[in-house]
Amino acid sequence: MTKECITKKIEKLTAELGEVVSPLHVTTDPYEIEAATGDLSILPKYHYKFKEEHIATHVVRPKDTEELAKVMKICKNYDQNVTVRAAGTSCYSSSTPTKGGVVIDVRRMNKIHEIDEEKKIVKCGAGISWIRLISSLRAKGLAPKCYPTSYKSSCLSGFVLTSGKAGIGTVKYGPMFDALIAIKLVKPDGSIVRITKTRGGEITLNDVVGSFGILGAVAEVEMKVTTLKPSMEFAGYGFNTMPEAMEFYNAAKNNPVDKPFFLSLSDHKFEELSHVTIPARDFFVYVVFYDELEKTGKAIANLTEKAKNSNGLAIDHWYLEEKWRDIAETELNLGRLCNNPIFQEYWIADERIPQFYETYAPIVKDDKYRNAFYMIAGANGKSRIKLFGLSDIENSLEFFGIKANFNLMAQKSYKMGDGIYTVGVVNTFYQLLFNMERVKYMRKLKNSVDPDDRINSYRITKTKMRLWRVKLLFFIGKLLYRWA
Ligand SMILES: Cc1cc2nc3c(=O)[nH]c(=O)nc-3n(C[C@H](O)[C@H](O)[C@H](O)COP(=O)(O)OP(=O)(O)OC[C@H]3O[C@@H](n4cnc5c(N)ncnc54)[C@H](O)[C@@H]3O)c2cc1C
């Protein structure tokens, strides 16, 4: 196609999109495209292999399901690739275009359609931000059962599509999947299907949750919520060793009566980098209870006993309150301390965390790079471990060294039977190396609903990276880093 033909096609597409969505919300402006292309990871440009090569031509912001369905139909007619995204906080290029085309930003689809106070059910647009949903529910004496700690910026559909297994409320009430009743999915051909746990045709609710949008755009969500609770109590203890901290973490997590609303374990370096003040001791376990006054009081008293058994040192209450207030910024704060923060998230069974940590600790023992360890409790006996490496752009050996270490931990986690938490684009090659059964299952489904592979491509089912190149790069990186 000549340049002239391409320009004409783009103009025609813009006009047609502008007929179904307000022209104010159909843009080809390069700044808006750039803003709707990256994600929250402050990665250098060269890391976005996809960013420059596959930059989108349009950003479209439909306001409701109907507009979204029409946009999807137009994109199909024009054979346009599509990236559906919400707030872009999930990182790993999850919401970055990989084949150009149209970016659909769902954040205008933020209406609350119905709140049933009696049945404790909410129906809303998938692009609603958590903060807005939380405040709308609060006005009715209700609250979501679970949400990510990024709730100040992220959206409902982002948590559904990335799987929503770890975060606030996931230990007490279960993962996002448990709260879901139904979703409305706009398929790649523009048709709309309502999927429940028992109905939906070839795509199940289980397939959509954690699919990173490869099966279509989630337009609406219907989910169970809970009542607001009158009491929130905090506990926090410092420990000298990881086994002592883990003993306490497990005791807090596995208590069948007093389930924590939020639970985390961090090393001293994480606390030092994420907060101005630092609790003493090498490890820190943080617990939040949210329930009736009598229940939270008892839960704290029980934990005090358990902390004594594990040689825990109580942390000042003001620090615990400060930590809760800053919970949405905690992980971001580390990124502000260098110009090239690198991190990887792992999804590890609680009983295998000591094994994971035993591999990790010797790697960072000499502190060749600034590093930190942070984990938050998730559902189904697992936790999301986040490893940080703070490097600077000038020091590329350090960058590759950290990457090689994270890769080692990823391999270890898959070999143990666990894996990576956020797959996105960047981590999809691990699926192809270690999770072929799921890849084959999702490929079949993807081929059936999106045979031209236009929607959210290069996530879960296929990768652009050549596996031998990635392996070689990590191997060389590790060697050079050791010698440096
Ligand atoms: C400080 C911080 C704290 C965090 N804490 C947590 C945490 O506690 N738990 C956790 O699980 N994660 C956490 N995350 C990661 C991230 O914030 C969450 O995964 C969040 O749910 C992503 O929401 P988002 O709106 O940013 O989605 P995006 O990043 O925009 O999208 C996520 C994925 O879903 C797809 N997608 C989004 N909406 C749709 C849709 N409507 N239809 C089809 N596909 C769609 C996108 O293409 C992408 O693949 C954290 C991140 C940060 C930076």
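Residues numbered from 1 in each chain as written. Predicted model: local features only at pLDDT ≥ 70, side-chain atom pairs only at ≥ 80, totals over all residues. Heavy atoms only, no water.

### Describing the sheet that holds strand 3 (residues 82-85)
Next up, step 1: Strand order in the open sheet formed by four strands is 1-2-4-3, with mixed pairing between adjacent strands. The sheet is open, and its two edges are formed by strand 1 (26-27) and strand 3, each paired on a single side.
Next up, step 2: Judged from the four bridges that link them, strand 3 and strand 4 (residues 102-105) form a sheet pairing that is parallel. Counted as the bridge partner of Val-84 is Ile-104 from strand 4.
Next up, step 3: The strands touched by helix 1 (residues 3-20) within the sheet are strand 1, strand 2 (58-60) and strand 4, with strand 2 carrying the most contacts at an inclination of about 5°. (Pairing = 2+ DSSP bridges. Helix = DSSP H or I, 4+ residues; strand = E, 2+ residues; numbered from the N terminus. Contact = heavy atoms within 4.5 Å. Axes fitted to C-alpha atoms, helices over the stretch in contact; angles between N-to-C directions.)

### Points about the site of the ligand
Next up, step 1: What surrounds the ligand is a group of 35 residues, the closest being Val-84, Thr-89, Ser-90, Ser-150 and Ala-166.
Next up, step 2: Take Ala-87: an N or O atom from its main chain is 3.1 Å from an oxygen atom of the ligand.
Next up, step 3: Interatomic distance of 2.9 Å between a backbone N/O atom of Cys-155 and an oxygen atom of the ligand.
Next up, step 4: Protein coverage of the free-state accessible area of the ligand, which is 970 Å², stands at 99%.
Next up, step 5: Elements supplying a minimum of two residues to the shell around the ligand: strand 3, helix 6 (156-162), strand 10 (217-227) and helix 14 (330-335).
Next up, step 6: Among the elements that take part in the shell around the ligand, helix 6 stands out by supplying five residues, more than any other.
Next up, step 7: Here the shell around the ligand is built from residues that sort into 17 nonpolar, 15 polar and three charged. (Near = heavy atom within 4 Å. Polar contact = N/O pair within 3.5 Å; in protein donor to acceptor, adjacent residues only side chain to side chain. Areas by Shrake-Rupley, 256 points an atom, 1.4 Å probe, with all protein chains shown as cover. Nonpolar A, V, L, I, M, F, W, Y, C, P; charged D, E, K, R; others polar.)

### Let's talk about a nonpolar patch on the surface
Next up, step 1: Residues Leu-397, Trp-468, Leu-472, Phe-475, Ile-476, Leu-480 and Trp-483 make up a contiguous nonpolar surface patch of about 780 Å² in total accessible area.
Next up, step 2: Looking at which element gives the most residues to the nonpolar patch, the answer is helix 19 (residues 467-483), with six residues.
Next up, step 3: Looking at where Leu-480 falls in the secondary structure, it is placed in helix 19.
Next up, step 4: A residue is classified by how much of its surface remains accessible, and Leu-480, at 39% relative accessible area, is partly exposed. (Patch = residues over 30% accessible without salt bridge, like charges linked within 9 Å, V, L, I, M, F, W, Y side chains within 5 Å. Salt bridge = Lys/Arg side-chain N within 4 Å of Asp/Glu carboxyl O. Buried < 20%, exposed > 50% of the residue type's maximum accessible area, 1.4 Å probe, protein only.)

### Description of the packing of helix 15 (residues 353-364) against helix 16 (residues 396-415)
Next up, step 1: Closest axis-to-axis distance for the helix 15/helix 16 pair is 10 Å, and the angle between their directions is 160°. In terms of their interaxial angle, helix 15 and helix 16 are classed as roughly antiparallel. At the point where helix 15 passes helix 16, the crossing takes the right-handed sense. Together, Gln-355, Phe-356, Thr-359, Tyr-360 and Ile-363 of helix 15 and Asn-405, Leu-408, Met-409, Lys-412 and Ser-413 of helix 16 make up the contact between the two elements.
Next up, step 2: Its residues assigned to classes, the contact of helix 15 with helix 16 comprises five nonpolar, four polar and one charged. (Parallel < 35°, antiparallel > 145°, perpendicular 65-115°, else oblique. Left-handed = near helix turned anticlockwise from the far one by under 90°.)

### Some points on the packing of helix 16 against helix 19
Next up, step 1: In the contact formed by helix 16 and helix 19, the axes pass within 8 Å of each other and the chain directions differ by 120°. If you check the angle between helix 16 and helix 19, you find them oblique. Relative to helix 19, helix 16 is oriented so that their crossing is left-handed. For the pair helix 16 and helix 19, the contacting residues are Leu-397, Glu-398, Phe-400, Gly-401, Lys-403, Ala-404, Asn-405, Asn-407 and Leu-408 in the first and Leu-473, Phe-474, Gly-477, Lys-478, Leu-480 and Tyr-481 in the second.
Next up, step 2: When grouped by side-chain class, the residues that make up the contact of helix 16 with helix 19 number eight nonpolar, four polar and three charged.

### Some points on the sheet that holds strand 11 (residues 231-239)
Backbone hydrogen bonds are what pair the strands of a sheet, in a parallel or an antiparallel way.
Next up, step 1: Strand order in the open sheet made by the eight strands is 14-11-13-12-16-17-15-18, with antiparallel pairing throughout. The open sheet has two edge strands, strand 14 (313-314) and strand 18 (419-420), and neither has a second partner.
Next up, step 2: Two strands pair when backbone bridges link them, and strand 12 (residues 262-267) and strand 13 (residues 283-291) are joined in this way by six bridges, in the antiparallel orientation. By the bridge assignment, Ser-266 is partnered in strand 13 with Phe-284.
Next up, step 3: Across the face of the sheet, helix 15 comes into contact with strand 13, strand 15 (340-349), strand 16 (370-377) and strand 17 (382-391) while running at roughly 170° to strand 16.

### Let's talk about the side chain of Lys-446
Next up, step 1: Among the structural elements, Lys-446 can be located in helix 18 (residues 436-449).
Next up, step 2: Ignoring sequence-local partners within four residues, the contact set of Lys-446 consists of Ile-214, Leu-215, Pro-451, Asp-453 and Ile-455.

### Concerning the domain arrangement of the protein
Next up, step 1: Partitioning the protein into domains gives domain 1 (3-107), domain 2 (108-227) and domain 3 (231-420).
Next up, step 2: A straight line from the C-alpha centre of domain 1 to that of domain 3 covers 36 Å. (Domains from an automatic or database assignment.)

### Describing the nonpolar core
Next up, step 1: In terms of nonpolar packing, the biggest core is built from 69 residues, with Trp-130 and Leu-156 touching the most fellow members.
Next up, step 2: Residue contacts for Trp-130: discarding those within four places in its chain leaves Pro-144, Cys-146, Tyr-147, Pro-148, Tyr-151, Ser-154, Cys-155, Leu-156, Phe-159, Met-176 and Met-223.
Next up, step 3: Among the nonpolar cores identified, the runner-up in size contains 47 residues, and Ala-235, Tyr-249, Val-285 and Leu-303 belong to it. (Core = buried A, V, L, I, M, F, W, Y, C linked by side-chain atoms within 4.5 Å.)

### Quick word on unusual backbone geometry
Next up, step 1: The phi torsion at Cys-91 lies on the positive side, around 65°, for a residue other than glycine.
Next up, step 2: A relative accessible area of 7% means that Cys-91 is categorised as buried.
Next up, step 3: You will see that Asn-380, though not glycine, has its phi angle at about 55°, which is positive.
Next up, step 4: Here Asn-380 shows up in the loop between strand 16 and strand 17.
Next up, step 5: Residue classification places Asn-380 among the exposed positions, given a relative accessible area of 65%.

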